[in-house]
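# Coordinate inspection notes
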Amino acid sequence: MKFVIANWKLNPLTQLKAKELVVSSARSAQKMRNTRVVICPPFIWIPYVKSVLKKPIELGAQNAFWEAQGAFTGEVSPVMLKSVGCQWVILGHSERRNIFKENDSVINKKVKCALDTGLKVILAVGEQEREEEVHLVSAMLEMQVENALEGISKQKIKNVVIAYEPIWAIGTGKAETPQGALNAALLVRKIIGKKYGHSAAKNLKVLYGGSVTDKNVASFVNQDGIDGVLVGGASVNPKIFSKLLEALK
Ligand code: PGA
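Each value, and the rule that gives it
- Residues numbered from 1 in each chain as written.
- Predicted model: local features only at pLDDT ≥ 70, side-chain atom pairs only at ≥ 80, totals over all residues.
- Heavy atoms only, no water.
- Patch = residues over 30% accessible without salt bridge, like charges linked within 9 Å, V, L, I, M, F, W, Y side chains within 5 Å.
- Areas by Shrake-Rupley, 256 points an atom, 1.4 Å probe, with all protein chains shown as cover.
- Salt bridge = Lys/Arg side-chain N within 4 Å of Asp/Glu carboxyl O.
- Lys, Arg positive; Asp, Glu negative; His and termini not counted.
- Charge placed at Lys NZ, Arg CZ, Asp CG, Glu CD.
- Helix = DSSP H or I, 4+ residues; strand = E, 2+ residues; numbered from the N terminus.
- Near = heavy atom within 4 Å.
- Polar contact = N/O pair within 3.5 Å; in protein donor to acceptor, adjacent residues only side chain to side chain.
- Nonpolar A, V, L, I, M, F, W, Y, C, P; charged D, E, K, R; others polar.
- Phe/Tyr/Trp six-rings, centres within 6.5 Å; stacked < 30°, edge-to-face > 60°.
- Lys NZ or Arg CZ within 6 Å of the ring centre and 35° of its normal.
- Buried < 20%, exposed > 50% of the residue type's maximum accessible area, 1.4 Å probe, protein only.
- Pairing = 2+ DSSP bridges.
- Right-handed = clockwise from strand over helix to strand, strands pointing away.

## Things to note about a negative patch on the surface
A cluster of acidic residues, E129, E131, E132 and E133, forms a negative patch at the surface. Along the chain, E133 turns up in the loop between β5 (120–125) and α6 (134–148).

If you want it as structure tokens, here you go:
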């Protein structure tokens, strides 16, 4: 089973458009055999998307707070997300890290709370600039993965999927090469192996994200060591998203 995670980011702008997008995405997803499609709309559309959502699409959020409840104005709790039908949450996305200044310790608290709530976590990691020195990328990924998963048990790691998203490739139209993405995915698997052992590494799902389109999606997903893709821009255009799924059939 390969994953296609659709990260709608701050789109679309109206409930009607959200409906059109989810209905069209579900229509395409229904034809897929070996693909799990997860849609991550903005918080405000989640209950509505859920109400029009047809199986087999799964539902996720793009963020969640690190406490379940309390005096935290403007935040959304993982418990609330679960109660409206979310199974997944993206944490550590580079836009959260860069624009909202979420550091590793914040991400770690969020991962813990989400997993304790019973949500599955899509943890995003990746280097800022294109980097030729493999050992630098490797050290960076190791630090991000280690810090985000500090104190997470071997049992809980089963509910974590890691998305390798080099920041320079996000929204730029300049995707990593399939070989480069595979190398990074293997690195991530190795880091998990070192921390949690061979079987955790073997069972881990590692995704690639960053300028994935209908044109290049198959070149990533067809790699044995890559278990799917995290798609931003191409997931909010109904035509392109349907072509993207089509390319994986
Ligand atoms: P992109 O975004 O597909 O638009 O590059 C990916 C992401 O941010 O997850």
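## Brief notes about the site of the ligand
In the neighbourhood of the ligand, 13 residues make up the surrounding shell, with K9, H93, E165, G171 and S211 lying closest. A distance of 2.7 Å separates an oxygen atom of the ligand from a polar atom in the side chain of K9. When isolated, the ligand has an accessible area of 280 Å², and the protein chains bury 95% of it. In terms of residue class, the shell around the ligand is built from 4 nonpolar, 7 polar and 2 charged.

## Regarding the packing of aromatic side chains
Under the defined criterion, the tally for this structure stands at 5 aromatic pairs. An aromatic cluster is defined as three or more aromatic residues linked by ring pairs; in this entry it consists of F65, W66 and F72. Above the plane of the ring of F100 lies R96, whose end atom (NZ or CZ) is 4.0 Å from the centre. The ring of W66 has K109 sitting right over it, with the charged end atom 3.9 Å from the ring centre.

## Description of the pairing of strand β2 (residues 35–40)
Of all 6 residues making up β2, 5 are buried, and the element is well covered by its neighbours. Summarising the sheet, strand β1 (residues 2–7) and β2 pair through 6 bridges and their orientation is parallel. The residue of β2 that forms the bridge with A6 is I39. Between β1 and its parallel partner β2, the chain crosses via helix α1 (residues 15–30), and the hand of that crossover is right-handed. Each parallel crossover has a hand, and for β2 linked through helix α2 (residues 46–52) to strand β3 (residues 58–61) it is right-handed.

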